[in-house]
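Next come the chains, spelled out residue by residue.
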Amino acid sequence: MTYFAWANGSNPPIYIGPTHSRTGKRSQQGSLSAFATSKERGLFIQQTHGAAVAVTAKEARALKAGLDDRSFNELVAVLQGETSHE
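These remarks concern the structure in this document. Computed from a predicted model, the values in this text were never measured in an experiment.

With that settled, the discussion passes to the sheet that holds strand β5 (residues 52-55). In spatial order, the strands read β4-β1-β5; together these three strands make up an open sheet with antiparallel pairing. Lying at the two open borders of the sheet, with one neighbouring strand each, are β4 (30-35) and β5. Here the strands of the sheet are splayed against their neighbours by 30° on average, with no regard to which way each runs. In this structure, strand β1 (residues 3-8) lies alongside β4, joined through six bridges in antiparallel fashion. Each bridged residue has a counterpart across the sheet, and for A7 the counterpart in β4 is S31. Across the sheet, helix α3 (residues 69-79) touches β1 and β4, and the angle it forms with β4 is around 70°.

Following this line, the structure appears as structure tokens:
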């Protein structure tokens, strides 16, 4: 299971990047982090002094709505330190 944390880039949210070709939605400006365990995520959130918050996988996907599924999955793999084998 993958655990996510999100740090807003601005308040109110600013939408950036390309529009998703199917949904017409864009990504929010901010920083998404992915972790293998909830403990790792909790330590990260603690280190950011509340600048980052825990989000569900569904919320993480919505925050990066401008990405198609393949791009989102590649982003998560990179965030977790995995390499692509294409």
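Rolled over the atoms, a probe as big as a water molecule pinpoints where empty space is left. Size it by volume and the largest pocket reaches roughly 190 Å³. What lines the largest pocket is H20, R22, T23, K25, R26, K58, R61, A62, A65 and D69. Here the element with the most residues in the lining of the largest pocket is helix α2 (residues 57-63); it accounts for three residues.

So, about the nonpolar core. Membership of the largest hydrophobic core is limited to nine residues, which are F4, W6, L32, A34, V55, A60, L63, F72 and V76. Not counting chain neighbours up to four residues away, the residues in contact with V76 comprise T2, F4 and A34.

Let us look at the packing of aromatic side chains. Per the stated rule, a full pass over the model turns up two aromatic pairs. Between F4 and F72, the ring centres sit 6.3 Å apart and the planes meet at 35°, which makes this aromatic pair tilted. Of this pair, F4 sits in strand β1 while F72 sits in helix α3, placing them 68 residues apart in sequence. An identical accessibility class is assigned to F4 and F72; each is buried. Ring geometry for F35 against F44: centres 5.2 Å apart, planes inclined by 45°, an arrangement best described as tilted.

Where β1 meets β5, four bridges bridge the pair, whose relative direction is antiparallel. Looking across to β5, one finds that W6 is bridged to V53.

Turning to the pattern of salt bridges, a few remarks are in order. Going through the model one piece at a time under the given rule, you end up with two salt bridges. The salt bridge involving R70 is made with E74; its shortest N-O contact spans 3.3 Å. With R70 and E74 both in helix α3 and four residues apart, the pair spans about one turn of that helix. Here E74 falls in the partly exposed class, since its relative accessible area comes to 33%.

Rules behind the numbers
Residues numbered from 1 in each chain as written. Predicted model: local features only at pLDDT ≥ 70, side-chain atom pairs only at ≥ 80, totals over all residues. Heavy atoms only, no water. Pairing = 2+ DSSP bridges. Helix = DSSP H or I, 4+ residues; strand = E, 2+ residues; numbered from the N terminus. Axes fitted to C-alpha atoms, helices over the stretch in contact; angles between N-to-C directions. Contact = heavy atoms within 4.5 Å. 1 Å grid on protein atoms, 1.4 Å probe; cavity = no way out; pocket = protein on both sides within 12 Å on 5 of 7 lines; lining within 4 Å. Points joined across faces, edges and corners; volume = space filled by probe spheres on them. Core = buried A, V, L, I, M, F, W, Y, C linked by side-chain atoms within 4.5 Å. Buried < 20%, exposed > 50% of the residue type's maximum accessible area, 1.4 Å probe, protein only. Phe/Tyr/Trp six-rings, centres within 6.5 Å; stacked < 30°, edge-to-face > 60°. Salt bridge = Lys/Arg side-chain N within 4 Å of Asp/Glu carboxyl O.

Note that every value here comes from positions in space, so none of it alone points to a role or purpose.
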